[in-house]
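# Topology and contacts: notes
Each chain, letter by letter, is given below.
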Amino acid sequence: MTEPAYRLGRLPVYPFAALNQRVRELNARGLDVINLDVGSPDLPPPENVIAALAESAAGANTHGYSGYKGTAAFRASVARHYHERFGVTVDPETQVLPLLGSKEGIVNLMLAYIDQGDVVLVPDVGYPSYSMGAALAGGDAYFVPMPESMGYIPDVDAIPDNVRRRAKMLWVNYPNNPTGATVEPGFYARMIEWCARYDILLASDNPYYDVTYDGFLASSALQAPGALDHAVEFISFSKTYNMAGWRLGAAVGSAKAISALLQIKSNMDSGHFQPIYEAGSIAFEHVPRSWIAARNQVYQRRRDRVLAELPHIGLTAATPKGSLYIWGRVERGDGAQYAESALTAAHVSLAPGEFYGPGGKQYVRFSLCATDQRLQQALDRLKTWYASQ
Ligand SMILES: *Cc1c(COP(=O)(O)O)cnc(C)c1O
């Protein structure tokens, strides 16, 4: 049998795919594994969004190809949303591109920009698709340290000159997965200035701007001066509106980056199902802030429940103001050992911190995407296991 491509050898199995397989095997043996690894919202999307999908899908004229750039109406609603939510004005024709989920756009942006020998600056720790996308494109990911002592922001001054010279792109993500760290608007201004100085594209992955706690309001990289010349931002309906399975997102920002991404995508996909775009516009225009606030209250309560138990299960963590995760520092052993014991002895699946880069070795990540009852059950099991060893 002929062998798959060389590029596949540079691409490890997606870490969550391997973990899911193990959880399935344990479940098949009759064990009840509580899944706190992946960040897939368990709460439903807004009702009017589902109704809009159903109504549009029942129509006769919504089933054809919708266009490589999605519909003009959806692009316009993304532009309006940026204006209302962030005070940023973008041109819906040249600075907005709908995506089939933001993960797709993240990887395709690297296919559009990265050649062999190019460097992608990825945060250590960060979402695995940044380094995987760099590898798929034939480039090299360079893990930029993001020390806890600096508030989990990338220490760009620590990047060696020879690496920086080969770098074409810098990824940032706040509110952050996996650490829960957040930033103030001044951070983006500093990153844009740094990227402009060295001719690097700032790629801001921003799926959690409306998943925040304690009254924190997250900002957009595009609010920084000069951002529309040096940055592209990715947003997603997955976490904002509990629509992860719908696969809807958008890239917004630099017209040059948007057009490069479109060139790749138009050769690869043919846009989304029109009813999904229509439902997405309803989400932006007819879901009140109170719906988002009430949903965030649910996550905040879960966050506090997990934080309260950490001292009893050998972990310490900062209190996140955003994202869906608790980033727990392991006191005894390392993150991989902790996650392995949690899975085999307590039947709780956590994400080992090393999934997110070498800097995550000492950590495990809890997802808040489980009911309060399931979450408490998981914490009780972990407490019993931890006390017994
Ligand atoms: C969930 C997540 C995404 C992917 O979102 P989709 O739009 O569902 O593809 C991207 N980046 C980060 C950091 C995430 O946590």
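All chains use their own residue numbering, which begins from 1 and follows the written sequence. Since the coordinates come from a predicted model, pLDDT governs what is reported: local features require at least 70, and pairs of side-chain atoms require 80 or more to be given and counted, while whole-chain, interface and lining totals use all residues. Side-chain metrics in this entry use all non-hydrogen atoms of the structure; hydrogen atoms and water are not considered.

### Comments concerning the sheet that holds strand β2 (residues 96-99)
Within the open sheet, the seven strands sit side by side as β2-β8-β7-β6-β5-β3-β4. Their pairing is mixed. At either end of the open sheet lies a strand with only one pairing partner, and these are β2 and β4 (140-145). On average, each strand axis in the sheet is tilted by 25° relative to the strand beside it, whichever way the strands run. Here, strands pair whenever DSSP counts at least two bridges between them. Here a helix means four or more residues in a row that DSSP labels H or I, a strand means two or more in a row labelled E, and each is numbered from the N terminus. To get an axis, a line is fitted to the C-alpha atoms, and for a helix only the part in contact is used. The angle between two axes follows their N-to-C directions and goes from 0 to 180 degrees.

### Thoughts on the packing of helix α3 (residues 47-58) against helix α12 (residues 274-286)
Contact geometry for α3 and α12: axes closest at 8 Å, N-to-C directions at 150°. By the angle between their axes, α3 is roughly antiparallel relative to α12. Considering the relative orientation of α3 and α12, their crossing is right-handed. Together, N48, V49, A52, L53, S56 and A57 of α3 and P275, I276, E278, A279, I282, A283 and H286 of α12 make up the contact between the two elements. Three categories are distinguished: nonpolar for Ala, Val, Leu, Ile, Met, Phe, Trp, Tyr, Cys and Pro, charged for Asp, Glu, Lys and Arg, and polar for the others, with Gly belonging to the last. In terms of residue class, the contact of α3 with α12 is made up of nine nonpolar, three polar and one charged. Angles below 35 degrees are treated as roughly parallel, those above 145 as roughly antiparallel, those between 65 and 115 as roughly perpendicular, and all remaining angles as oblique. A crossing counts as left-handed when the near helix is turned anticlockwise from the far one by less than a right angle, and as right-handed when that turn is clockwise. Any two residues whose heavy atoms approach within 4.5 Å are treated as being in contact.

### Looking at the packing of aromatic side chains
A pair of aromatic rings is counted whenever rings of Phe, Tyr or Trp (Trp by its six-membered ring) have centres within 6.5 Å, and the orientation is called stacked for planes under 30 degrees apart, edge-to-face for over 60 and tilted otherwise. On inspection of all chains with the given rule, the structure shows 22 aromatic pairs. Between Y130 and W171, the aromatic rings sit 4.9 Å apart at their centres with planes inclined by 10°, giving stacked as the arrangement. Of this pair, Y130 sits in helix α6 (residues 129-136) while W171 sits in strand β5 (residues 167-172), and the two are 41 residues apart along the sequence. Judged on exposure class, the residue Y130 and its partner W171 are both buried. Residues W385 and Y386 carry aromatic rings whose centres are separated by 5.8 Å and whose planes lie at 75° to one another, so their mutual orientation is edge-to-face. Note on exposure labels: buried denotes an accessible area under 20% of the residue type's maximum, exposed denotes more than 50%, and partly exposed covers the range between, all computed with a 1.4 Å probe on protein chains only. We classify W385 as buried; its relative accessible area is 10%. Aromatic rings pair up to connect F74, F237, Y241, Y277, F284 and W291 into one cluster. Placement of a positive charge over a ring is assigned whenever Lys NZ or Arg CZ falls within 6 Å of the ring centre and within 35 degrees of the normal to the ring plane. We note R164 situated over the ring of Y198; from NZ or CZ to the ring centre the distance is 3.8 Å.

### Thoughts on α3
To estimate the expected span of a helix, count its residues, drop one, and scale the result by 1.5 Å. With twelve residues, α3 should reach 16 Å at 1.5 Å per residue; the first-to-last C-alpha distance of 17 Å fits that figure. Residues of α3 that are buried: V49, A52 and S56. The buried side chains of α3 occupy one side of the element, clustering within an arc of 60° when seen end-on. Exposed residues pointing more than 90 degrees away from the buried face of α3 are listed as E47, E55 and A58. The directions considered for the arc are those from the helix axis to the C-beta atoms.

### Quick look at the sheet that holds strand β12 (residues 351-352)
Judged by pairing direction, the sheet is antiparallel, and its four strands sit side by side in the order β9-β10-β13-β12 without closing on themselves. Here the strands that pair on one side only, and so sit at the sheet edges, are β9 (315-316) and β12. In this sheet, strand β10 (residues 325-330) lies alongside β9 in antiparallel orientation, the contact comprising two bridges. Counterpart to T316 in the pairing with β10 is R329. On top of the sheet, helix α14 (residues 335-346) reaches β9, β10, β12 and β13 (363-367); it is set at about 45° to β13, its chief contact.

### A short note on the pattern of salt bridges
Whenever Lys or Arg places a side-chain nitrogen within 4 Å of a carboxyl oxygen from Asp or Glu, that contact is recorded as a salt bridge. For the structure on display, the rule yields 23 salt bridges. D140 serves as the salt-bridge partner of R166, at 2.8 Å between the closest nitrogen and oxygen. Of this pair, R166 sits in helix α7 (residues 161-166) while D140 sits in strand β4, placing them 26 residues apart in sequence. Relative accessible area serves as the criterion here: at 38%, R166 is assigned to the partly exposed category. Across the pair D304 and R303 runs a salt bridge, and its minimum N-O distance is 3.0 Å. Owing to a relative accessible area of 35%, D304 belongs among the partly exposed residues under this scheme. Where salt bridges share partners, they join D42, R301, R302, R305 and D372 into one cluster.

### Brief notes about the pairing of strand β7 (residues 231-236)
Burial analysis of β7 places six of its six residues in the buried class, which makes it a mostly covered element. With burial as the criterion, each face of β7 is covered, one bearing A231, E233 and I235 and the other bearing V232, F234 and S236. Examined bridge by bridge, strand β6 (residues 201-205) and β7 share four bridges and lie parallel to one another. Bridge pairing in β7 links D205 to F234.

### As for the domain arrangement of the protein
Residue ranges for the domains originate in an automatic or database domain assignment. The domain architecture assigned to the protein consists of domain 1 (6-45 + 290-387) and domain 2 (47-286). Taking only C-alpha atoms, the centre of domain 1 and the centre of domain 2 are 25 Å apart. Taken together, the 36 residues of domain 1 in the interface contact 41 residues of domain 2. When domain 1 packs against domain 2, the two sides together hide about 3,300 Å² of surface, and 58% of this comes from carbon and sulfur. Scanning the region where domain 1 abuts domain 2 turns up two salt bridges. Identification of polar contacts relies on pairs of N or O atoms within 3.5 Å, with a donor-acceptor requirement for protein atoms, meaning one able to donate a hydrogen and the other able to accept it, and with residues adjacent in sequence counted only if both atoms are side-chain atoms. Viewed at the interface, domain 2 and domain 1 are joined by 22 residue pairs in polar contact (both at pLDDT 80 or more). Elements represented by at least two residues in the side of domain 1 that touches domain 2 include exactly α13 (289-309), β10 and β13. The element best represented in the side of domain 1 that touches domain 2 is α13, accounting for seven residues. Residue composition of the side of domain 1 that touches domain 2, by class: 20 nonpolar, nine polar and seven charged. The term buried area means the drop in 1.4 Å probe accessible area that two parts suffer when joined, counted for both and summed.

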